[in-house]
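Results of the structural survey
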Amino acid sequence: MSQTASVPQGLPMDRDAGPFDPPSQITRLRETRPVSPMVFPDGHVGWLITGYDAVRQVMADTRFSNRQDIGVIHVPYETPGMPAAAEPSPQTPGLFISMDPPDHTRLRRKLTGAFTVKRMKQLEEGIIAITEQQLDELAKLTPPVDLVKEFALPVPSLVICELLGVPYADRETFQSNSSKFMERDVTLEDKMAAIGAMFGYLAELVTSKRANPGEDILSDLARDEDLTIEELSGMAFLLLLAGHETTANMLALGTFALLEHPAQLAELRDNPDLLPDAVEELMRYLSVADIFFRYATEDLELGGETIPAGSTVVVSLLAANRDPQRFENPDVLDVHRKVRGQVAFGHGIHQCLGQQLARIEMRAGFEGLLRRFPTLQLAIPAGEVKLRTNMHIYGVHELPVTWA
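Scope of this entry: the structure provided in the associated data block. (Residues numbered from 1 in each chain as written. Predicted model: local features only at pLDDT ≥ 70, side-chain atom pairs only at ≥ 80, totals over all residues. Heavy atoms only, no water.)

**Details of the sheet that holds strand 6 (residues 145-146)**
Pairing between the strands of a sheet is mediated by backbone hydrogen bonds and can be parallel or antiparallel. The condition that has to hold: Strand pairing is assigned whenever DSSP identifies at least 2 bridges connecting the two strands. Counting from the N terminus, the helices are the DSSP runs of H or I reaching at least four residues and the strands are the DSSP runs of E reaching at least two.
Spatially, three strands are ordered 6-12-11 in an open sheet, and the strand pairing comes out antiparallel. Of all strands in the sheet, those bounded by a partner on one side alone are strand 6 and strand 11 (377-378). As paired elements, strand 11 and strand 12 (residues 400-402) share two bridges and run antiparallel to each other. Counted as the bridge partner of Gln 377 is Thr 402 from strand 12.

Shown next, in the form of structure tokens:
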């Protein structure tokens, strides 16, 4: 395959189109070649998938593997201290997001009962109470305040800690380590140290729950003798990380987006019944968990291209959710939109297990925030908001806000 100037050299990361939009280079690629070759820093040619139909096909086809131990891992952007390609590493026990069936199926099945729609509806009242309590704490503060620190991060952290049975008093430890793990520009040594600290902490926690189980998800898992302590630790790591990072960033970035779209904000404030649709639209519009990796286990045809076996495939959920072939006026935020088929929670067997929990938290968070703080506004110019362009999950590092 000829490598022309149009082939991206690494993953386009520059949010030059605005804080809520995909990099313009990704948008152009989706228009011209939605299944595009991409040159990795080590010279290896992989693939970048930006079209909606192709993204769904990759996510649904188990021949595109999640396992990172089946071949050389190619990093699609330059990361200081991290090699462009690393040797295959053994799978982490319990980390079922990086597994294929049947290993993935065995572990994920043990959690499906804890995250059913019915079970989440039963927890909704408690989630609303936690949200209101945090809003009470926010109201006591003198603005300007950082909405990330005082609301967007505490709410999902409190909820997931209560669900899993993780002491909320330990939040600073797991939040700092998970933040280090999610950071792009960090050395491999620092990243491994953060992971080691998290797994050490969680191994002690699940060991204690196996000895003295309580009424929480980790205790329920610990009662299952089929799971080793290492598997329990890996599952706990995944649940804790996913349970607060994504929702926290959606609450903060979603608030930022609404404040920058005052007409949409007013519509939502005046019509709370729009919240379920608005949450789906914000998920589509922002797609904070954007980039995912797959590895082709055999030669595959995709979007008119041949993907050779062993290829690293990078999928952009944000690009898919902004595809005009699937969504009308996709770059417009419209809280009235009846979104169907958005892929912000993924697609296929790895679709987000906690998506119903996230929806409840976002509905409660946005509704409470707009109701309790009708004059909420940014305390700094929008251009000065610090974006999480250096993190694997997008959002804002801080969101200074004020109110009358």
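On we go from here.
**Regarding the pairing of strand 1 (residues 35-39)**
Note the following rule: The rule is simple: take the accessible area with a 1.4 Å probe, protein chains only, and divide by the maximum for that residue type; under 20% is buried, over 50% is exposed, in between is partly exposed.
Of all five residues in strand 1, five are buried, a share of seventy percent or more. Along strand 1, one buried face is formed by Val 35, Pro 37 and Val 39 and the opposite face, lined by Ser 36 and Met 38, is buried too. Relative to strand 2 (residues 45-49), strand 1 runs antiparallel, the two being bridged by five bridges. Across the sheet, the residue bridging to Ser 36 is Leu 48, located in strand 2. Hairpin connection, strand 1 to strand 2: the antiparallel pair is bridged by five residues, and Gly 43 has positive phi, about 95°.

**Re the pairing of strand 2**
The buried fraction of strand 2 is high, at four of five residues. One ladder, built from three bridges, connects strand 2 with strand 10 (residues 312-316); its direction is parallel. Looking across to strand 10, one finds that Trp 47 is bridged to Val 313.

**As for helix 10 (residues 229-259)**
Rules: The span expected for a helix works out to 1.5 Å for each residue beyond the first.
For helix 10, with 31 residues, the first-to-last C-alpha span of 45 Å sits near the 45 Å given by 1.5 Å per residue. The buried count for helix 10 comes to 27 of 31 residues, which makes it a mostly enclosed element.

**As for the layout of surface pockets**
Counted only if it meets this: Here the term cavity refers to a set of points on a 1 Å grid, laid over the protein atoms alone, in which a 1.4 Å probe fits but cannot get out; the term pocket refers to an open set having protein on both sides within 12 Å along at least five of seven lines, with lining residues being those that place an atom within 4 Å of a point. Grid points are joined across faces, edges and corners, and a volume is the space filled by probe spheres set on the points. Ten residues, namely Ala, Val, Leu, Ile, Met, Phe, Trp, Tyr, Cys and Pro, are considered nonpolar, four, namely Asp, Glu, Lys and Arg, are considered charged, and the remaining ones, Gly among them, are considered polar.
Looking at the second largest pocket, its volume works out to about 510 Å³. Lining the second largest pocket are 22 residues, with Val 148, Lys 149, Leu 153, Gln 175 and His 397 positioned closest to its centre. Among the secondary structure elements, those contributing two or more residues to the lining of the second largest pocket are helix 5 (147-152), helix 7 (171-182) and helix 10. The greatest single-element share of the lining of the second largest pocket, amounting to five residues, is contributed by helix 10. Residue classes in the lining of the second largest pocket are distributed as nine nonpolar, six polar and seven charged.

**Thoughts on the side chain of Glu 231**
Rules: Note on definitions: a residue-residue contact is assigned when non-hydrogen atoms from the two residues lie within 4.5 Å.
Looking at the element boundaries, Glu 231 is found in helix 10. Owing to a relative accessible area of 12%, Glu 231 belongs among the buried residues under this scheme. When sequence neighbours within four positions are dropped, the list of residues in contact with Glu 231 reads Pro 93, Gly 94, Arg 106, Leu 107 and Asp 226.

**A closer look at the sheet that holds strand 2**
Counted only if it meets this: Helix axes are fitted to C-alpha atoms over the stretch in contact, other axes to C-alpha atoms as well, and angles between N-to-C directions run from 0 to 180 degrees.
Reading across from one edge, 1-2-10-7-3 is the order of the five strands in this open sheet, with mixed pairing throughout. Every other strand in the sheet has two partners, leaving strand 1 and strand 3 (64-65) as the edge strands with one partner each. Examined bridge by bridge, strand 7 (residues 291-296) and strand 10 share five bridges and lie antiparallel to one another. Counterpart to Ile 291 in the pairing with strand 10 is Ser 316. In the packing of helix 2 (residues 52-60) onto the sheet, contacts are made with strand 1, strand 2, strand 3, strand 7 and strand 10, and the angle to strand 10 comes to roughly 125°.

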